[in-house]
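Chain and residue survey
So the chains spell out like this:
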Amino acid sequence: MGAPVETTGAHPARPAPPVTRTWRERALSRRSVLLYAGAAATVVLVLLATPALARLLPLLVAELGPAGWVVVAVAAVVLLLGHVLRAARTKTVVDNVRRESLVPHVQALAIGYLFDAVLPLRLGEVVRAVLVARSLRVSTLYTLAAVVVERLIDVVLVAGAFLAFVALVRGEDSPVVPLAALGVVLLSLGLLVLLTLVVLENGPLLRLVWRASSLLNSRLETRLRFKVWSVLFGLQRFVRQPAQLRRYALLTAASWGCYLLAAALVAVLLLPGAPLRDLVVATAAPYAVVSPSVAAGLPQQYVADVLEFVGPEGAATTAAVLVLAVATWLVLYGPVLVLGVVSLLVIRLRGPAGDRRPLPPAAEGFENKLRRDEDISGQLPSFLDAYFQRDALSRVLHRLEVAGDVTLVRFFKGGSNAVTVLAQQDGRLYVKKIVPPEHAHRLKNQHDWLAARRHLDLLVQVTGEESDEDHYAIDLEYRPASQPLFEWVHERSREEATAMLDRVWAFVSTEVYRLGPLGEHPQQRDDYVRERFVDRVRAAADQHEELGRAVAAERVVVNGRVLDGFDAVLRRIRADERAWHDLSVYRESTSIHGDLTVDNVLVDLETDRPLVIDPSDDNQVRGPVIDFARHMQSLHYGYEFLNEDTAPVGLGEEGGVPAISYRDHRSARYAELEDHVTTHVMTRYLSPAEQRSVLFHVGLFYGRMLTHRVVIDPGNALKYFAVSLQALNRFADQYELPLPGPAPVERPTPGRGGPERGGPDPRA
């Protein structure tokens, strides 16, 4: 499959050193900022509300006796209960992330009301969402989405009830206010529909997020995508749980029942003997004027809005409505504002992930992507990029994550039609490889290949498989104390690196290969070159205009050197009897690894032993020559370095000849290892003809990957074509030198086979 696997060991994070903060840092801490802002809001509220309350409260005091104050107190308690139930609504959604007590939700709601009383546009709800997120250390955007959904539902309920009320009770009124309410309902419903489309993973909206985030630098791009994705993840998890939805609906009904009951108690108290119509109007007034109004928390504004809504007739009625307005303001705002001031002093806030070092991969933060115990966004950039571009396998992973079947830790796009992820389940880390159904047979072959060799401890162990209508997947063991061979050989001495490669080839030769005799296979060669190479290169050229021109050229300049073009070098190879014959001469094996690049070998750091991963034994040519070609794909042309360099490579021109220039990053260590494998290892396991053929197969591998490259990275496709041409030309150049004649071909006789075990054929 060629898909890279997460291989770096998960080392425990070092404890952060003690932090000593200056007085300035303490003054600017989040809690301090909240206290300053809350104190400022309180002072503004007191300054703006005191004159009005000094004028209005005496009217209420004169009207109410001891029994009346008891009713007002009961109404205030009932309304506070409604606020507690509202906080429980939010908690129901946030419990999907982290279950905590109801206290921080109530505190945040009360502080939000304090800010709402003096700020426009319900900005106190934003403060509330931030406080919940900071108190519980969860996603701010998710809690904000929960609050926004809650408020949109409330607006639809209140405005819808108001329209029904107007139609049934106040039909003679001006149509201006009902039209405004209808507009509010339609706007709120539109926003809810938009949010629903996002939760349903609407393609254009997700691509819009991808394009907008692409304008930012890489760090901000990843963080924004992660925040949006985690909100989708959280809301989808929430709506998949019917019990939570029922609880949310019941809490919504119960909270509004408390709100209406509190207002009704005050209305009955202060409008004794009033007709039912007037009592309904008085009960609806506090919420009809609060919900659509801006900064309606100030008493003078609130009282004026109630007077206008109720529309009294006559001086006595005006006085009664005025007292009603003062009483309902006191019930609606008095206790919750006091609670907000007290909450400012006692609420506990926690720092965000940026204040701490990242935890190891098995940390709690990966179990729920909405928690903010540590910043994990940097582990998932490839997944987020693929998901917002609507990649099918990324959507499968998202669905599995939402369902709780997979906990994604790291994501790696495969070299072909596959993805590989580091996942977590019940605290256990493992590797999962996923392919679409049309490629399931290849991954199934890998599963069966590994399962048949479970007894070999230098092979990665397969632990499970699953098949669904939209994917096939296998699970593999994860060894945290392992390191990619690519990194290992660049950190160790030359002697250690060559010894490790010797161990890899000794293992593969002894335990994997089941070799037959050296033979000639012209039909397999012809089919292989046509189907796996020529046809694929031409198919890729049809999809990529510059590649098409390069493939059609008779000569191509690569990094300043004039080479035969694709068709020209193939004609040259076919025309040379020795070259074409060598490609048909190889020892077959009933099993090979098939993708033995350096990238597919790890080193267990605890034992200093190699661990071979990711077999792909589905080649038409099946012999050690294929595995050596894969190995030299890395060592001779720096496959891993080429993949790391994402700089675009375009088609230029030199002297009228198409030209391709790219940066060759191959390391000096790779050059040393190439020399070792060529002179010491290949001579041990391959015949002379097979050794010469390796370069052709290297060129073939770089060419056959073009069909994938033009799709996933079209800006870099020419680079891989250039490497393919270099390998093919170098293969053909071997035959410009005097060489011994073709190696004699041993033709097996009936009943006679090759060695049962691996290793070099003594008859070669």
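None of these values were measured; they are calculated from a predicted model. (Residues numbered from 1 in each chain as written. Predicted model: local features only at pLDDT ≥ 70, side-chain atom pairs only at ≥ 80, totals over all residues. Heavy atoms only, no water.)

1. A short note on the overall build of the protein chain
When helices and strands are tallied, the protein chain shows 28 helices and 14 strands. Across the 764 residues that make up the protein chain, the buried fraction comes to 52%. Taking contacts inside the protein chain between residues at least 6 apart in sequence as the whole, the part at least 24 apart equals 74%. Accessible surface, the protein chain as shown: approximately 32800 Å² in total, 60% of it carbon and sulfur. (Helix = DSSP H or I, 4+ residues; strand = E, 2+ residues; numbered from the N terminus. Buried < 20%, exposed > 50% of the residue type's maximum accessible area, 1.4 Å probe, protein only. Contact = heavy atoms within 4.5 Å. Areas by Shrake-Rupley, 256 points an atom, 1.4 Å probe, with all protein chains shown as cover.)

2. Here we look at the sheet that holds strand β6 (residues 482-484)
Strand order in the open sheet formed by 3 strands is β6-β11-β12, and the pairing between neighbours is antiparallel. On the outer flanks of this sheet lie β6 and β12 (609-612), each paired with one strand and no other. Between one strand and the next, the sheet's axes are offset by a mean angle of 35°, whatever the strand orientation. Bridging between strand β11 (residues 601-604) and β12 involves 4 bridges; their strand directions are antiparallel. Each residue of the ladder has a partner; that of V601, found in β12, is V612. Running at roughly 50° to β12, helix α18 (residues 494-512) makes contact with β11 and β12 of the sheet. (Pairing = 2+ DSSP bridges. Axes fitted to C-alpha atoms, helices over the stretch in contact; angles between N-to-C directions.)

3. Some points on helix α23 (residues 624-635)
Across its 12 residues, α23 extends 16 Å between first and last C-alpha, which sits within 8% of the 16 Å expected from 1.5 Å per residue. Within α23, 12 of the 12 residues are buried, which leaves it mostly tucked inside the rest of the structure. Taken together, the buried positions of α23 are occupied by P624, V625, I626, D627, F628, A629, R630, H631, M632, Q633, S634 and L635. (Expected span 1.5 Å × (residues − 1).)

4. A closer look at the sheet that holds strand β9 (residues 561-564)
The strand order β9-β8-β14-β13 describes an open sheet built from 4 strands, whose pairing is mixed. This sheet does not close on itself; its edge strands, each paired only once, are β9 and β13 (651-654). Neighbour-to-neighbour, the strand axes of this sheet turn through a mean angle of 40°, independent of strand direction. When strand β8 (residues 555-558) meets β9, the two strands line up antiparallel, connected through 4 bridges. Bridge pairing in β9 places R555 opposite D564. Packed onto the sheet, helix α28 (residues 717-733) meets β8, β9, β13 and β14 (657-660) and runs at close to 75° relative to β9.

5. Remarks on the UniProt feature "transmembrane region" (unreviewed entry) in the protein chain
With numbering aligned to this structure, UniProt lists the feature "transmembrane region" (unreviewed entry) at residues 33-54, 66-85, 144-169, 176-200, 248-272 and 319-347. Between the first and last C-alpha atoms of residues 66-85 the distance is 29 Å; the span itself is 100% helix and 0% strand. In the segment residues 248-272, helix accounts for 92% and strand for 0%; the C-alpha atoms at its two ends are 36 Å apart. (UniProt positions renumbered as here; feature names shortened; annotations may be inferred.)

6. So, a nonpolar patch on the surface
A surface patch of nonpolar side chains, about 420 Å² in accessible area, is lined by L187, L191, V193, L194 and L197. Considering the arrangement of structural elements, one finds L194 in helix α7 (residues 176-199). Look at L194 and you get partly exposed, because its relative accessible area is 41%. (Patch = residues over 30% accessible without salt bridge, like charges linked within 9 Å, V, L, I, M, F, W, Y side chains within 5 Å. Salt bridge = Lys/Arg side-chain N within 4 Å of Asp/Glu carboxyl O.)

7. Considering the packing of helix α3 (residues 66-94) against helix α4 (residues 103-116)
In contact at an axis separation of 9 Å, α3 and α4 are set at 120° when each is read in the N-to-C sense. The orientation of α3 relative to α4 falls into the category oblique. For the pair α3 and α4, the sense of crossing is right-handed. Contacts between α3 and α4 involve H83, V84, R86, A87, T90, K91 and V94 from the former and H105, V106, L109 and Y113 from the latter. (Parallel < 35°, antiparallel > 145°, perpendicular 65-115°, else oblique. Left-handed = near helix turned anticlockwise from the far one by under 90°.)

8. Some points on the confidence of the model for the protein chain
Chain-level pLDDT for the protein chain is 84 on average; 84% of the residues reach the 70-or-more range. Here residues 353-365 is modelled with pLDDT under 50, and outside its nearest four sequence neighbours on either side it reaches 36 contacts, counting other chains as well. In this model residues 741-764 is a low-confidence stretch, pLDDT under 50, and it forms 48 contacts with partners more than four residues away in sequence or in other chains. (pLDDT = per-residue confidence, 0-100.)

9. Some points on the packing of aromatic side chains
Applying the stated rule across the entire model yields 24 aromatic pairs. Where Y259 meets Y287, the ring centres are 6.0 Å apart and the plane angle is 35°; that geometry is what we call tilted. In this pair, Y259 is assigned in helix α10 (residues 242-270) and Y287 in helix α11 (residues 276-290), connecting sequence segments 28 residues apart. For the residue pair Y259 and Y287, the accessibility class agrees, reading buried in each case. Plain terms: the ring middles of F533 and F566 are 5.4 Å apart, the flat faces sit at 80° to each other, and that makes the pair edge-to-face. Taken as a pair, F533 in helix α19 (residues 522-543) and F566 in helix α21 (residues 566-575) lie far apart in primary sequence, 33 residues in all. Under the relative-accessibility criterion, F533 is labelled buried at 0%. The rings of F226, W229, F233, F383, Y387, F388 and F411 are connected pair by pair, giving a single aromatic cluster. Cation over ring: R453 sits above W449, and NZ or CZ is 4.2 Å from the ring centre. (Phe/Tyr/Trp six-rings, centres within 6.5 Å; stacked < 30°, edge-to-face > 60°. Lys NZ or Arg CZ within 6 Å of the ring centre and 35° of its normal.)

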